[in-house]
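One-letter residues, chain by chain:
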Amino acid sequence: MTTQNKDMTCTIICWAIGILLGALTAAGLMVVGWSFLQGAFMGAIAWLIVGGALSIMVCGQGGRPQGRVEALQAEMDAARARVQGGAPTPSAEPAPTVPAMATGVVKPSTPLAGEAELASRKGSWTYSNGATETASAEAEGKPATLSAARDGKADDLKKIKGVGPKLEGVLNSMGFYHFDQIAGWSEAELAWVDENLEGFKGRASRDEWVAQAKLLAGGGETEFSKRVDEGDVYDT
């Protein structure tokens, strides 16, 4: 009821303003020389135009205040929400909830690709007769080395043809003390040794150290090792 009264008041005011402007228009025209009928006719037209325009612009079409339709729609939505027991469901899907970052180190349940290779490059350590044997990854292809000879007693690497006293010292400083170490070199490891023998690069491949070491590590002998045992090669 209150809303209807407000609508009526707004309409009346708008048409009253139209009447006032129409009367002023008619009076002004008659002052400038128009006849009474002509001035009244133009004043009526002005009243209709101004009153109608104001009632539409100010009070809304047909005298209904602007925004009344939106208000009724909002009331209908609220009533529908109360019937359904909750607020209207928005059309847009809610944004997915981002889980909080877990603290600490998270370990995967299954090995990651390349994990085994990375672990192998960190180096591994074994112990044999008190000597620490290290498979170091300082450079790709580097063979396993020892920090000291096993039981403090190194093999006589000079029994390998091509390894003299000086080169034996170089090999010991690199961590090689026994025939079985040299016998176990792969092609990549042999290439690494060849490259890192300061002053003797390529000697290990040229003199076939791996083949000789395999025979000596198994307790066998070579013609050269026999000569070394007999003292015919190096001065004792």
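The rules we used
Residues numbered from 1 in each chain as written. Predicted model: local features only at pLDDT ≥ 70, side-chain atom pairs only at ≥ 80, totals over all residues. Heavy atoms only, no water. Helix = DSSP H or I, 4+ residues; strand = E, 2+ residues; numbered from the N terminus. Contact = heavy atoms within 4.5 Å. Expected span 1.5 Å × (residues − 1). Buried < 20%, exposed > 50% of the residue type's maximum accessible area, 1.4 Å probe, protein only. Salt bridge = Lys/Arg side-chain N within 4 Å of Asp/Glu carboxyl O. Core = buried A, V, L, I, M, F, W, Y, C linked by side-chain atoms within 4.5 Å. Phe/Tyr/Trp six-rings, centres within 6.5 Å; stacked < 30°, edge-to-face > 60°. pLDDT = per-residue confidence, 0-100.

Draft legend 1. View of the overall build of the chain. Of the regular secondary structure elements, the chain holds 10 helices and 3 strands. Ordering the α and β elements of the chain from the N terminus gives α-α-α-α-β-β-β-α-α-α-α-α-α. Taking as baseline every contact in the chain between residues at least 6 positions apart, the subset at least 24 positions apart corresponds to 53%.

Draft legend 2. Molecular detail of helix α2 (residues 36–59). Here α2 spans 32 Å end to end across 24 residues, near enough to the 34 Å set by a 1.5 Å rise per residue. Restricting attention to buried positions, one finds in α2 the residues G39, G43, A46, G51, G52, S55 and C59.

Draft legend 3. Focus on the pattern of salt bridges. Counted by the stated rule, this structure contains 6 salt bridges. Its salt-bridge partner being K158, residue D156 comes within 3.0 Å of it at the nearest N-O pair. When the shortest N-O distance is used, the salt bridge between K159 and D229 registers 3.1 Å. Residue K159 is found in the loop between β3 (145–146) and α5 (165–174), and its partner D229 is found in helix α10 (residues 223–229); the two are separated by 70 residues along the sequence.

Draft legend 4. A look at the side chain of S225. Along the chain, S225 falls in helix α10. With residues up to four places along the chain from it excluded, the contact list for S225 reads K159 and L216.

Draft legend 5. Molecular detail of the nonpolar core. Judged by nonpolar contacts, the single largest core of 22 residues is most densely connected at I160, W185, L197 and W209. Only α5, α6 (179–183), α7 (187–196) and α9 (209–217) provide two or more residues apiece to this core. Setting aside residues no more than four positions away along its own chain, W185 makes contact with P143, F176, L190, V193, A204, W209 and V210.

Draft legend 6. Focus on the environment of L197. Here L197 is to be found in the loop between α7 and α8 (203–206). Placed 26 residues apart in sequence, L197 and L171 show a C-alpha to C-alpha distance of 8.1 Å.

Draft legend 7. Structural view of the packing of aromatic side chains. Across all of its chains, the model carries 1 aromatic pair by this definition. Aromatic side chains F176 and W185 sit 5.1 Å apart centroid to centroid with 75 degrees between the ring planes, which places their arrangement in the edge-to-face category. Each of the two residues, F176 as well as W185, counts as buried.

Draft legend 8. Quick look at α7. Residues of α7 that are buried include every one of L190, W192, V193 and D194, and no others. Buried positions along α7 lie against α5, α8 and α9.

Draft legend 9. Main features of the environment of A144. With respect to the helices and strands, the residue A144 is situated in the loop between β2 (131–135) and β3. Sequence-wise, A144 and G184 are 40 residues apart; in three dimensions their C-alpha atoms are separated by 9.3 Å.

Draft legend 10. Region of the structure containing the confidence of the model for the chain. Of all residues in the chain, 64% have pLDDT values of 70 or greater, and the mean over the chain is 75. Mean pLDDT values over the elements of the chain span from 47, in strand β1 (residues 124–128), up to 95, in α6. Contacts from residues 61–66, a stretch scored under 50 in pLDDT, to residues over four places away or in other chains number 9 contacts.

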